[in-house]
Amino acid sequence: EALGCILHGVVVATKISDSLEDCNLAAVIGITGTGKSTVINWLMGVRMETSPGALGTKKIVISDDNEVRYLGMSHHRASETFSPQLSSQPCGEMLYFLDTPGLLENRGPEISLCTLVSTSLCLKKPKQIR
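In this text, all values refer to a predicted model and were calculated from it rather than measured experimentally. (Residues numbered from 1 in each chain as written. Predicted model: local features only at pLDDT ≥ 70, side-chain atom pairs only at ≥ 80, totals over all residues. Heavy atoms only, no water.)

Caption draft 1: Structural view of the overall build of the protein chain. Scanning the protein chain from terminus to terminus reveals 3 helices and 6 strands. Ordered by position from N to C terminus, the α and β elements of the protein chain give α-β-α-β-β-β-β-α-β. For the protein chain, buried positions account for 39% of its 130 residues. Of the contacts formed within the protein chain by residues at least 6 apart in sequence, a portion of 61% connects residues at least 24 apart. Taken as a whole, the protein chain presents about 7600 Å² of accessible surface, with 57% of it coming from carbon and sulfur. (Helix = DSSP H or I, 4+ residues; strand = E, 2+ residues; numbered from the N terminus. Buried < 20%, exposed > 50% of the residue type's maximum accessible area, 1.4 Å probe, protein only. Contact = heavy atoms within 4.5 Å. Areas by Shrake-Rupley, 256 points an atom, 1.4 Å probe, with all protein chains shown as cover.)

Dropping the structure here:
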């Protein structure tokens, strides 16, 4: 299972990297649950709203009336982003956003290894990384 996870990450990351050869990339990297996908969704113009969460808190959710393809978001310590995801359209002058799986994932060392390998592969070919 661990080898399958790593191979899947390599395949996805290689496809992403090949598609970014002459593009600019803003890679969003951070610990699981810090809002990486939420920030990218907001920057891409995805409509979001707050919804009641556990113990009287509020959580951000995707509105039902979106015309923009959005990235999955989770509200717990297990990452919703299993492999790197690329924004579906450039923002500005060929600037794409890369949503990476969370660091310090709590699903085991093989997932952490997959995250590191796939993220580093995505960063090989873009013209500029921010």
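Let us keep going from here.
Caption draft 2: Broad picture of a nonpolar patch on the surface. The grouping of V39, W42 and L43 at the surface amounts to a nonpolar patch, some 320 Å² of accessible area in total. Inspection of the secondary structure puts L43 in helix α2 (residues 36-43). Taking relative accessible area as the criterion, L43 reaches 37% and is therefore assigned partly exposed. (Patch = residues over 30% accessible without salt bridge, like charges linked within 9 Å, V, L, I, M, F, W, Y side chains within 5 Å. Salt bridge = Lys/Arg side-chain N within 4 Å of Asp/Glu carboxyl O.)

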